Structures are given as C-alpha cells and as structure tokens.
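Examining the three-dimensional arrangement
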Amino acid sequence: MKNGIMDPMKTIIKKIDVNQIDETVISEAGSILKQGGLVAFPTETVYGLGANALDEEAAKKTYAAKGRPSDNPLIVHIADIQALEEIAVNIPPETEELAFHFWPGPLTMIFEKSEKVPYGTTGGLDTVAVRMPSDLIARELILAAGGFVSAPSANTSGRPSPTTAEHVREDLDGKIEMILDGGSVDIGLESTILDMTVTPPMILRPGAITADMLEKVIGPVSVDETILGSESEQAPKAPGMKYRHYAPKAKLTIVEGTLREEVLAIRQLAYAAFREGKNVGIIATNETEKFYTHGLVKNIGTRENEKTIARNLYAVLREFDEEEVEAIYSESFAIQGIGNAIMNRLEKAAGHTRIAAAPIVEQQKYRRVIFLSNTDTSRGPMAAELLKHQDLVQEYAIDSRGLIVLFPEPANQKAEAIMKSGQMTLEGHSSVAFAEEDMQEDTLILAMDEGQKSKVVSEYENTKNVYTLNEFLEDDTQIPNPYGQPLTAYGECYEILMKLIEKLTNKLNAFTKGGE
Ligand code: AMP
Ligand code: MG
C-alpha cells in the first residue's frame with residue numbers, strides 16, 4: 001500500500017542545496033505531492049510537512065502522520081500572489097500592502113476561503129490561512145506541486161517544531177514519503193498569523209513579523225489576548241494555539257525577574273535538583289552561561305541579538321529530550337520584537353509554568369563564605385575545604401583569604417598532611433590576600449581569631465557580615481594557631497575546626513530553610 005499510514009514506508013531523504021537547487025529532486029518531490037503523498041521541506045521559519053492543499057485525502061494523511069487533532073487547520077503555502085485569489089474570497093484591501101511588504105516571508109494571513117479549498121485542509125473552518133514563504137526550495141517545490149501546498153510544522157504534534165531535517169526524521173521517519181534536507185532554517189519560529197477577517201486585523205500567533213512592523217504598514221492591529229500570560233479560560237482564536245505545544249518531555253519552568261535574580265534563582269533551583277540526584281537542564285544565554293555551576297547548561301543564543309535565541313530554541317528543547325533531563329529551568333526574555341514570539345513559544349512549552357525569581361533569591365542570606373586567617377596557608381584553607389565537603393542545602397562560593405599575603409604560597413605542608421589523612425586535600429591551593437571587593441552584601445566573612453576580625457572592622461566599612469568563626473556560632477572554642485608547631489598541633493586544630501564547621505553547616509542550612 002503506497003501511502004498506507006499504518007505500514008511503515010521508506011522515507012527518502014534528499015539533500016538539497018539552496019544555492020544550487022537540483023531540479024530533478026524538486027520535480028520528484030513535486031510529483032509525490034501531486035499524487036497525494038507527503039514531503040517535508042525547509043522554509044525560512046521551520047520545516048513544513050507538505051501535502052497538496054486542494055486534496056482532502058492528502059490533508060487526512062498529514063493529520064495522521066503528525067498525530068495532530070483534525071480540528072487544527074493547516075496553512076496553505078503559495079508561491080505567487082495570483083494564487084491567493086484562487087483560494088481566498090473577500091480579500092480586504094490592506095492585504096495588498098501587507099503582501100507587498102512581507103511576502104514572500106514569515107507572515108500568514110487568514111481570509112474567507114473559496115470553494116476550491118477543502119474543509120479537510122481548514123479543519124472544518126470557512127477561513128483559510130495563507131503564506132508565501134521566501135525560502136527558494138519551498139517556493140520551487142510549491143510550483144512543482146501545482147501551486148498550493150498545505151504545510152504544518154513537520155513534527156509530531158506537541159513536540160518542538162523541527163528546525164533541521166534531522167528533527168523531521170526523528171519524528172516522521174517511516175510515516176512520510178520524502179524529506180528534503182536543506183540544512184538549518186533561518187528564523188526558527190513559526191510564522192506570524194494575522195487574521196484578516198476582522199477589523200482591525202488580529203495577531204493570533206506572534207512571529208518574526210511583529211505588531212510594530214505590521215502597524216507601520218496598515219495602522220493598528222489587535223492581538224489575541226490568549227497569546228501571552230497565564231493559562232486562560234478563553235480559547236485562542238487560532239485553534240492550534242490551544243494545544244500544549246512545542247513541548248519538551250521534561251517539565252519546563254520559566255523563571256522571571258531581573259536577569260541577576262533569574263540567574264541566582266536558577267542556580268539555586270539547579271543546585272537543589274542536583275542534591276536530589278535529579279538531572280536538570282538550564283536554558284541560559286551567552287551572557288549568563290558562565291554563572292551556572294550545576295545542571296546541564298545550554299547556551300541558547302545572545303541577548304544582544306534575540307534572533308539567535310529564536311533560531312536555537314526548538315533545537316535546544318529537543319536536545320534536552322535526548323539527554324533525558326527531568327526538569328528544565330529557563331531564563332525569560334523581554335517581550336518586545338521577536339522576544340514576544342520567543343516568550344509565547346516558551347510559555348506554551350512550559351504549559352504556562354512561570355515562577356518569580358525574587359522570593360527564591362531572598363531565601364538566601366549569604367551566597368559566599370570567606371574564611372579569614374593571617375597567611376591563608378593553614379587554618380583558613382582547612383576550614384574552607386572542610387566546609388566544601390559538607391552537605392549544604394544551598395550552594396555557596398567557599399573561599400579563604402589572608403590578611404598578610406605578600407605573594408601567593410601553597411598550603412602549609414603539615415596542614416596538607418592532616419587534610420590527606422581525612423581524605424581531603426589542599427593541593428593546588430594558593431594563598432590570596434583579602435581585598436576590598438571581598439566585602440559584599442551576600443558574603444559571610446569568618447575570621448579565625450579576634451585580631452583578624454578587628455583588623456577588618458577597623459580598615460573597612462559595612463562590616464556587619466564579619467565575625468570570628470566562634471562568635472558566629474556562639475561557641476567558645478578558640479581555634480589554636482598551629483603555625484611553627486609539630487604535626488600534632490595541626491591535628492588538634494583540624495579536630496576543632498571539624499566540629500565548628502559541622503556546626504556552621506547546620507547554621508547555614510537553617511538560614512536557607514527560612515530558619516532565621
Ligand atoms: P502549524 O501548521 O503547525 O504552523 O500550525 C498552523 C497554525 O495556524 C495553527 O495554530 C492553526 O490553528 C492556525 N490556523 C490555520 N488556519 C487557520 C484558520 N483558518 N483560522 C485560525 N487559525 C488558523
Ligand atoms: Mg506546529
């Protein structure tokens with residue numbers, strides 16, 4: 001059975017170079033479409049799953065291959081403006097200006113349909129969505145297929161849309177006749193959908209053509225209010241927008257706040273997941289990638305050019321699927337320009353799960369702990385290393401600093417010997433002088449003795465986070481200075497430090513649980 005959806009078919013995959021389009025491949029693909037078959041092809045937005053838009057049976061196959069609900073209409077792709085008049089009626093006058101400015105390109109317009117368009121293609125609606133793509137492979141294929149190609153995104157319904165031929169293969173191999181592999185797409189998000197049957201025209205799905213761009217050409221446009229924001233009672237005007245969409249397998253949560261708050265909150269969430277042994281993914285950007293220490297971090301693009309983010313979004317969501325992460329946290333993006341479309345897709349992918357960063361960040365009293373000693377070669381580094389081995393419910397940057405450090409020195413050899421006996425090491429340690437920039441709002445500074453603390457208090461301002469370790473713990477145990485003494489003195493010092501650090505761990509953990 002040639003087009004049998006039940007029987008797996010052999011999907012032919014053909015590479016095609018947009019700069020040197022092989023006409024024999026195009027005509028082969030065109031005749032598959034003419035005979036009612038399915039061909040996936042690149043467009044400038046995402047890969048489309050092409051079928052003859054005027055063939056009711058071909059539409060059925062499209063729905064079956066995608067596993068898409070059949071009330072979710074397809075977009076009809078055309079290659080020249082005359083084709084529009086064949087499939088749409090009562091075309092409003094602004095259409096000409098819009099087509100002049102944005103076609104071919106990532107704009108879909110909705111009109112009343114002509115009799116020529118079967119209800120199978122429009123999901124039973126009396127309207128038809130039409131787009132003229134700019135991708136040359138797409139245009140040639142449409143012409144070769146007879147001029148009207150319905151093409152939803154070439155993914156399994158609900159999964160992130162495909163931006164490479166490989167993504168299409170993952171979802172549709174064995175279910176369609178052919179995939180044209182034209183490399184990666186340019187935009188990476190689906191077209192803007194503009195409903196031309198209402199006045200003023202209404203944006204039903206945001207895309208690369210933004211409201212501002214449209215308004216410059218035809219004046220005011222309205223926006224379907226279900227596009228952004230929390231899950232709404234109201235049904236979106238584009239039937240397809242009501243389905244959970246673009247979604248990775250893991251639960252995706254969008255974290256919202258200032259960029260700094262988002263990074264700090266995601267760090268904390270990722271650390272918590274890591275402690276639970278969960279595999280967690282993070283959607284980061286060029287600007288923020290380096291701040292994450294736990295979790296599988298994916299750089300989705302640069303905030304300086306949000307087009308890069310649009311282009312990578314779906315591929316990144318698919319990569320997380322492959323790596324089987326259990327939860328994904330994403331930074332959020334400004335809702336302007338293409339950012340609107342990015343946030344719309346992210347929110348759909350997240351099933352509208354958004355959380356505020358600030359309250360999470362506020363749970364953390366300190367983010368960094370510095371142990372202060374004289375030379376930063378024995379007690380300070382030992383304490384830091386001991387704390388690093390504790391089970392902290394929150395992530396801290398843990399460091400040691402010295403008040404008298406003239407040049408970097410390795411750790412004291414006796415201190416190192418003692419640490420080794422406790423299965424730890426100070427190898428690679430190099431002493432660092434305490435400096436003004438160490439005095440931050442979120443940094444807890446713990447001196448080994450009173451003399452060190454007084455020195456800092458007298459030399460710097462805003463020293464409210466400076467304590468001696470025993471003062472902070474309300475514990476009288478003094479920390480002996482083993483410098484110049486035999487190994488046993490270092491051993492005693494280690495024992496005392498160990499007890500204090502365990503106590504410190506409990507105290508820090510209590511802060512995070514909101515225990516203060
Ligand atoms: P896709 O083909 O995956 O890009 O999805 C097509 C989108 O266009 C879906 O969200 C559809 O609901 C929407 N769409 C297609 N035709 C119409 C129409 N006649 N009226 C409203 N929305 C439409
Ligand atoms: Mg789709």
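Residues numbered from 1 in each chain as written. Chains lettered and ligands numbered in written order. Predicted model: local features only at pLDDT ≥ 70, side-chain atom pairs only at ≥ 80, totals over all residues. Heavy atoms only, no water.

**Points about the overall build of the protein**
The cut-off we apply is this: Under the scheme used here, helices are H or I runs from DSSP no shorter than 4 residues and strands are E runs no shorter than 2 residues, and both carry numbers assigned from the N terminus. Our radius of gyration is a C-alpha quantity, and the globule rule it is checked against amounts to 2.2 Å times the number of residues to the power 0.38. For every residue, the accessible area obtained with a 1.4 Å probe (protein chains only) is divided by the maximum for its type, and the residue is called buried under 20%, exposed over 50%, and partly exposed between those limits. Residue contacts are defined here by distance: any two heavy atoms, one from each residue, within 4.5 Å place the two residues in contact. Working definition of accessibility: Shrake-Rupley area with a 1.4 Å probe, residue cover restricted to the visible protein chains.
Helix and strand counts for the protein come out as 17 helices and 21 strands. Taken against the 2.2 N^0.38 rule, which gives 24 Å for 516 residues, the C-alpha radius of gyration of the protein at 31 Å runs more than 25% over that of a compact globule. Along the longest, intermediate and shortest principal axes, the C-alpha atoms of the protein span 95 × 50 × 40 Å. A buried classification covers 56% of the 516 residues belonging to the protein. Counted over contacts in the protein with a minimum sequence separation of 6, partners at least 24 positions apart contribute 70%. If you sum the accessible surface of the protein, you get close to 22,500 Å²; carbon and sulfur atoms cover 50% of it.

**Remarks on the packing of helix 13 (residues 379-388) against helix 14 (residues 413-421)**
The following threshold applies: In this analysis, axes come from line fits to C-alpha atoms, helices being fitted only over the stretch in contact, and the angle between any two N-to-C directions falls in the range 0 to 180 degrees. Note on angle classes: values under 35 degrees are labelled roughly parallel, values over 145 roughly antiparallel, values of 65 to 115 roughly perpendicular, and the remainder oblique. Crossing handedness is defined as follows: a turn of the near helix away from the far one that is anticlockwise and smaller than a right angle gives a left-handed crossing, while the clockwise case is right-handed.
Relative to each other, helix 13 and helix 14 sit at 20°, their axes nearing to 10 Å. Of the possible angle classes, the one that applies to helix 13 and helix 14 is roughly parallel. In this structure, helix 13 meets helix 14 at a crossing whose hand is right-handed. For the pair helix 13 and helix 14, the contacting residues are Met382, Glu385 and Leu386 in the first and Ala415, Ile418 and Met419 in the second.

**Some words on the site of ligand 1**
Going by this rule: For each residue, the test is whether any non-hydrogen atom lies within 4 Å of the molecule or strand; if one does, the residue is near. Two N or O atoms count as a polar contact when they lie within 3.5 Å, although within protein this holds only if one can serve as hydrogen donor and the other as acceptor, and sequence-adjacent residues are included solely when both atoms are side-chain atoms.
Near ligand 1 there are 20 residues, and of these Thr127, Pro152, Ser153, Arg205 and Gly240 occur at the shortest range. Residue Asn72 places a side-chain N or O atom 3.1 Å away from an oxygen atom belonging to ligand 1. Residue Thr127 places a side-chain N or O atom 2.9 Å away from a nitrogen atom belonging to ligand 1. Here ligand 1 loses 96% of its free accessible area of 500 Å² to cover by the protein chains. Only strand 7 (127-131) and strand 11 (202-205) provide two or more residues apiece to the shell around ligand 1. If you tally residues by element for the shell around ligand 1, the top one is strand 7, at 3 residues.

**Comments concerning the pattern of salt bridges**
Pairing between side chains of opposite charge can happen when their charged atoms approach one another. This is how it is decided: What makes a salt bridge here is a side-chain nitrogen of Lys or Arg within 4 Å of a carboxyl oxygen of Asp or Glu, nothing more.
Using the criterion set out here, one finds 32 salt bridges in the structure. Asp171 is the salt-bridge partner of Arg318, the closest N and O atoms lying 2.9 Å from each other. Note that Arg318 is positioned in helix 10 (residues 306-322) and Asp171 in helix 7 (residues 165-172), a separation of 147 residues in sequence. A single burial state applies to Arg318 and to Asp171, both of which are buried. Taken together, the shared-partner salt bridges in this structure form one network comprising Arg159, Glu170, Asp171, Arg318 and Asp321.

**Thoughts on the sheet that holds strand 16 (residues 327-330)**
We count it as follows: Here, strands pair whenever DSSP counts at least two bridges between them.
Pairing within the open sheet is parallel, and its 5 strands lie in the order 15-14-16-13-17. With partners counted over all chains shown, the strands left at the sheet margins are strand 15 (296-299) and strand 17 (354-356), one partner each. Ignoring strand direction, the axes of neighbouring strands in this sheet form an average angle of 25°. Each of strand 13 (251-256), strand 14 (280-284), strand 16 and strand 17 is contacted by helix 9 (residues 259-275), which is oriented at about 145° to strand 13, the strand it contacts most. Seen against the sheet, helix 11 (residues 339-349) touches strand 13, strand 14, strand 16 and strand 17 and runs at an angle of roughly 135° to strand 13.

**Some words on the nonpolar core**
For the record, the criterion: We define the nonpolar core as a collection of buried residues of types Ala, Val, Leu, Ile, Met, Phe, Trp, Tyr and Cys that are connected through side-chain atoms lying within 4.5 Å of one another.
Formed by 35 residues in total, the largest nonpolar core has its most connected members in Leu189, Leu252, Ile283, Ile338 and Leu346. Secondary-structure elements contributing two or more residues to this core are strand 11, strand 13, helix 10 and helix 11. Here the element with the most residues in this core is helix 10; it accounts for 7 residues. Membership of the second largest hydrophobic core comes to 34 residues, among which are Ala383, Ala384, Leu392 and Leu426.

**Considerations on the sheet that holds strand 18 (residues 368-373)**
Sheet strands associate in pairs through backbone hydrogen bonding, adopting either a parallel or an antiparallel arrangement. Strand order in this open sheet of 4 strands is 19-18-20-21, and the pairing throughout is parallel. Whereas interior strands pair on both sides, the edge strands pair on one side only; in this sheet they are strand 19 (397-402) and strand 21 (466-468). Looking at each pair of strands side by side, their axes are set apart by 25° on average, direction ignored. Here 3 bridges tie strand 20 (residues 443-447) to strand 21, and the two strands are oriented parallel to one another. Across the sheet, the residue bridging to Ala447 is Thr468, located in strand 21. Helix 13 rests against strand 18 and strand 19 of the sheet, and its axis sits at about 175° to strand 19. Relative to the sheet, helix 15 (residues 450-459) contacts strand 18, strand 20 and strand 21, its axis offset from that of strand 21 by approximately 165°.

**Some points on the packing of aromatic side chains**
Both the distance between ring centres and the angle between the ring planes are used here to describe each pair of aromatic rings. Our working rule: We call Phe, Tyr and Trp rings a pair once their centres come within 6.5 Å, taking the six-membered ring for Trp, and we label the pair stacked below 30 degrees between planes, edge-to-face above 60, and tilted otherwise. Two thresholds decide whether a charge sits over a ring: the Lys NZ or Arg CZ must be within 6 Å of the ring centre and within 35 degrees of the ring normal.
Scanning all chains against the criterion turns up 6 aromatic pairs. A ring pair is formed by Tyr271 and Phe274, whose centres lie 5.9 Å apart and whose planes are at 40°; its orientation type is tilted. Note that Tyr271 and Phe274 are positioned in helix 9 at a spacing of 3 residues, about one turn of the helix. Pairwise contacts between aromatic rings join Tyr366, Tyr467, Phe472 and Phe511 into one cluster. One residue, Lys113, lies across the ring of Tyr119, its end atom 4.2 Å from the ring centre. The ring of Phe320 has Lys298 lying over it, and the distance from NZ or CZ to the ring centre is 5.7 Å.

**Observations regarding unusual backbone geometry**
Put simply, Trp103 and Pro104 share a cis peptide bond, and its omega is -10°. Structurally, Pro104 is set in the loop between helix 4 (94-102) and strand 6 (107-113). For the bond running from Thr199 to Pro200, omega is -10°, close enough to zero to count as cis. Here Pro200 is to be found in the loop between strand 10 (192-195) and strand 11. Non-glycine residue Asp376 carries a positive phi angle of around 55°. Summarising the element assignment, Asp376 is placed in the loop between strand 18 and helix 13. Unusually for a residue other than glycine, Asn462 sits at a positive phi of about 50°.

**Examining the side chain of Thr210**
In this fold, Thr210 is placed in the loop between strand 11 and helix 8 (211-218). If near-sequence neighbours (up to four positions away) are discounted, Thr210 is found in contact with Gly337 and Ile338.

**Considerations on the pairing of strand 11**
Note: strand 10 against strand 11, 3 bridges, orientation antiparallel. By the bridge assignment for strand 11, Asp195 is matched with Met202. What sits between strand 10 and strand 11 in their antiparallel hairpin is a turn of 6 residues. Two strands pair when backbone bridges link them, and strand 11 and strand 12 (residues 222-223) are joined in this way by 2 bridges, in the parallel orientation.

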